Amino acid sequence: MTQIKIFDTTLRDGEQSPGVNLNQLEKLEIAKQLERLGVDIMEAGFPASSKGDFEAVKKIAQTIKHSSVTGLARATKSDIDYAWEALKEAEEPRLHLFIATSPIHMTYKLKKSPEQVIDIAVDMVTYAKKNFPQVEWSAEDASRSDLDFLAKIIEKVIDAGATVINLPDTVGYTTPKEYGQMFRYIRENVPNIDKVSLSAHCHDDLGMAVANSLAAIENGATQIEGTINGIGERAGNAALEEIAVALNIRNDFYPYYTNLVLKEIKRTSDLISKFTGMAVPGNKAVVGRNAFAHESGIHQDGVLKHASTYEIITPAMVGIQSNNLVLGKHSGRHAFKDKIEQLGFQLTEEKLMEAFKAFKLLTDTKKEVTDDDLFVILTDIQTDISDIKKYQLKAFQVQYGSHNLPTATVALTTPDGERVETACTGQGSVEALYNTIETLVKENIHLTSFNLSSIGQGRDALAEVHVSMTVNETPVHGRGSSQDVLEAAAQAFINAVNRVFFTKTAEEKQKAKI
Ligand code: KIV
Ligand code: ZN
């Protein structure tokens, strides 16, 4: 059995999904969960792209001990220097360096000849190797590149010190057969190929990212890049959980294994979905809500008689608990603490107290608090930047009647601690509420999406709202949860505004330091 290394790029390519913007605490929580999941390498971001990304990569590199942490760099000295500054404290600093190799990219984007691209690639790998023990070199748009040119440039970057060669299907254009043949060609035509490992990186534009990744494995790739839930640019990246489970379930066919801890998959998927605001489709393989639901009578009958008649993956294998009823009104602090440790949360004493208060408040109105409810409460508290001043919802009231003009009255405290309140109307309750909050925060806001879902079942279930908007042209995402849908909607809106406010404050602080 050959090991296939898992390279997770949820925090880099995944974060490039339209509308996704994670704050530093969220990125760190995702990184810790990816470490628990057992990814071999995590791409924590693109340090030269922004101050925020630089800081997040640095923090993750300082924190994560059991996965190798990497960051992306274009083929420029300044990108490599930024990456080194961010990654130098990692257990095993690793650089992910890329340049495009396809005729389309070289001609129109880089405006460079193939020979110039070879020179730049070799110079930059040589430069990177002065600091980084591990340098992965990616041929962007490899699947649309000329194979002889690809073989030539790969041989040269290996001589310059690259340790991993990645051949991305950047635009999700290739087919499994073609992609596999490319790996075979490179293995057979690059004389020094045995000095490196080969990596696959697939996008899902034609829905073939997972199939293409598996074809690469069959043809010599020993590292697979992708994201959890398959999030990423455009149609996304290969879903790592699908690849890992496919290799496991079909080990009769694939003589390969990964070190992923499969029972951490569900939690990782939930956390990423919650933080990114990208809902997992119900029918998504491995982690979708319906992936283990059997609807037809014939199927239900079969599963009851013998689960394997229609179930090839057990829910338990990927960490889906069948019984997630937990705590209630009479549960004390000890039981609560035990439960949150079981759920894998590590909170400071202060945040633990805050979480316990939120839990007790919920038990006043909700008889049974489930793991899913706790997950929402705990992740919100864990990633709340409580020491930064922000807008806070103090009170609100919405009047709605089938023959009335919906009207909302809202009271907020501003980041300066001032209490402000006003009332506005709208075509519906949510619009009235949002018009009112917008007036109070005095920003130019354009709502682009609004999604409401329930956490678990029952009339008393928690509501969770995700919104995407632009605040003064900056795209941002926000989330809120509450038993009341309007309160969840208000919290999501304010959360999004606060995110822009935090970024602005952090940038101002940074400028003041410089
Ligand atoms: O898809 C791609 O080509 C990439 C590179 C930066 C590796 O993400
Ligand atoms: Zn990519």
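## Side note on the side chain of Glu43
Then, in step 1: With respect to the element layout, Glu43 can be found in strand β3 (residues 41-45).
Then, in step 2: Given a relative accessible area of 0%, Glu43 falls into the buried group.
Then, in step 3: At a separation of 2.8 Å, a polar atom in the side chain of Glu43 contacts the side chain of Thr9.

## What to know about the environment of Gly319
Then, in step 1: Within the fold, Gly319 resides in the loop between α11 (297-305) and β11 (325-327).
Then, in step 2: Through-space distance from the C-alpha of Gly319 to that of Glu264 is 5.8 Å; in sequence the pair is 55 residues apart.

## Re empty space enclosed by the protein
Then, in step 1: If you walk through the whole model with that rule in mind, you get one cavity of 30 Å³ or more.
Then, in step 2: By volume, the largest cavity amounts to about 30 Å³.
Then, in step 3: Around the largest cavity sit Glu443, Val471, Asn472, Val497, Val500, Phe501 and Lys504, which together line it.
Then, in step 4: At four residues, the largest contribution of residues to the lining of the largest cavity is made by helix α16 (residues 485-513).
Then, in step 5: A breakdown of the residues in the lining of the largest cavity according to their chemical character gives four nonpolar, one polar and two charged.

## A word on the sheet that holds strand β9 (residues 223-226)
For sheets, the rule is that strands pair by backbone hydrogen bonds, running either parallel or antiparallel.
Then, in step 1: With parallel pairing, the eight strands of this closed barrel are ordered in space as β2-β3-β4-β5-β6-β7-β8-β9. In this sheet, neighbouring strand axes are inclined to one another by 25° on average, regardless of whether the strands run parallel or antiparallel.
Then, in step 2: Sheet analysis places strand β7 (residues 164-169) next to strand β8 (residues 197-202), joined by six bridges and oriented parallel. Across the sheet, Ile165 pairs through a bridge with Leu198, a residue of β8.
Then, in step 3: Here helix α5 (residues 114-129) sits on the sheet in contact with β5 (94-100) and β6 (134-140), set at roughly 170° to β5.
Then, in step 4: The sheet strands contacting helix α7 (residues 176-189) are β7 and β8, and the helix crosses β8 at an angle near 160°.

## A look at the site of ligand 1
Then, in step 1: The environment of ligand 1 is formed by Arg12, Asp13, Leu72, His96, Phe98, Ser138, Glu140, Pro168, Thr170, His201 and His203.
Then, in step 2: Within the side chain of His201, one N or O atom sits 3.1 Å away from an oxygen atom of ligand 1.
Then, in step 3: In the model, an oxygen atom of ligand 1 is placed 3.0 Å from a nitrogen or oxygen of the His203 side chain.
Then, in step 4: Surface burial for ligand 1 is 94%, taken as the share of its 260 Å² of free accessible area covered by protein chains.
Then, in step 5: When residues of the shell around ligand 1 are traced back to their parent elements, those giving at least two are β5 and β6.
Then, in step 6: Here the residues of the shell around ligand 1 are counted per class, giving three nonpolar, five polar and three charged.

## What to know about the environment of Gly180
Then, in step 1: With respect to the helices and strands, the residue Gly180 is situated in helix α7.
Then, in step 2: Remark: the alpha-carbon pair of Gly180 and Ile118, spanning 62 residues in sequence, is separated by 24 Å.

## Digging into the pairing of β7
Across a regular strand the side chains alternate sides, sitting on one face of the sheet and then on the other.
Then, in step 1: Taking burial as the measure, the six residues of β7 include six buried ones, the bulk of the element.
Then, in step 2: Neither face of β7 is open: one carries Val164, Asn166 and Pro168, the other Ile165, Leu167 and Asp169, and all of them are buried.
Then, in step 3: Crossover β6 to β7 through helix α6 (residues 147-159) is right-handed.
Then, in step 4: Crossover β7 to β8 through α7 is right-handed.

## Quick look at the coordination of the zinc ion (ligand 2)
Then, in step 1: Looking at the zinc ion (ligand 2), one finds its protein donor set to be Asp13 (OD), His201 (NE2) and His203 (NE2), positioned 2.0 to 2.1 Å from the metal centre.
Then, in step 2: Spacing between the donor residues of the zinc ion (ligand 2) along the chain follows D-x187-H-x1-H. A residue pair is termed long-range when its members are at least 10 positions apart, and Asp13 in the loop between β2 (5-8) and α1 (24-37) and His201 in strand β8 qualify at 188 residues.

## A short note on the packing of aromatic side chains
Then, in step 1: Under the criterion given, the structure shown has 11 aromatic pairs.
Then, in step 2: Relative to Phe501, the ring of Tyr391 lies with its centre 6.1 Å away and its plane at 65°, an arrangement referred to as edge-to-face. Placement of the pair is Tyr391 in the loop between α14 (371-382) and β13 (392-399) and Phe501 in helix α16, with a sequence separation of 110 residues.
Then, in step 3: Joined through ring pairs, the aromatic side chains of Phe336, Phe356 and Phe359 make up one cluster.
Then, in step 4: Positioned above the aromatic ring of Phe345, the side-chain terminus of Arg267 is 4.5 Å from the ring centre.

Each value, and the rule that gives it
- Residues numbered from 1 in each chain as written.
- Chains lettered and ligands numbered in written order.
- Predicted model: local features only at pLDDT ≥ 70, side-chain atom pairs only at ≥ 80, totals over all residues.
- Heavy atoms only, no water.
- Helix = DSSP H or I, 4+ residues; strand = E, 2+ residues; numbered from the N terminus.
- Buried < 20%, exposed > 50% of the residue type's maximum accessible area, 1.4 Å probe, protein only.
- Polar contact = N/O pair within 3.5 Å; in protein donor to acceptor, adjacent residues only side chain to side chain.
- 1 Å grid on protein atoms, 1.4 Å probe; cavity = no way out; pocket = protein on both sides within 12 Å on 5 of 7 lines; lining within 4 Å.
- Points joined across faces, edges and corners; volume = space filled by probe spheres on them.
- Nonpolar A, V, L, I, M, F, W, Y, C, P; charged D, E, K, R; others polar.
- Pairing = 2+ DSSP bridges.
- Axes fitted to C-alpha atoms, helices over the stretch in contact; angles between N-to-C directions.
- Contact = heavy atoms within 4.5 Å.
- Near = heavy atom within 4 Å.
- Areas by Shrake-Rupley, 256 points an atom, 1.4 Å probe, with all protein chains shown as cover.
- Right-handed = clockwise from strand over helix to strand, strands pointing away.
- Donors = N, O, S within 2.8 Å, 3.2 Å for Na, K, Ca; no water.
- Phe/Tyr/Trp six-rings, centres within 6.5 Å; stacked < 30°, edge-to-face > 60°.
- Lys NZ or Arg CZ within 6 Å of the ring centre and 35° of its normal.

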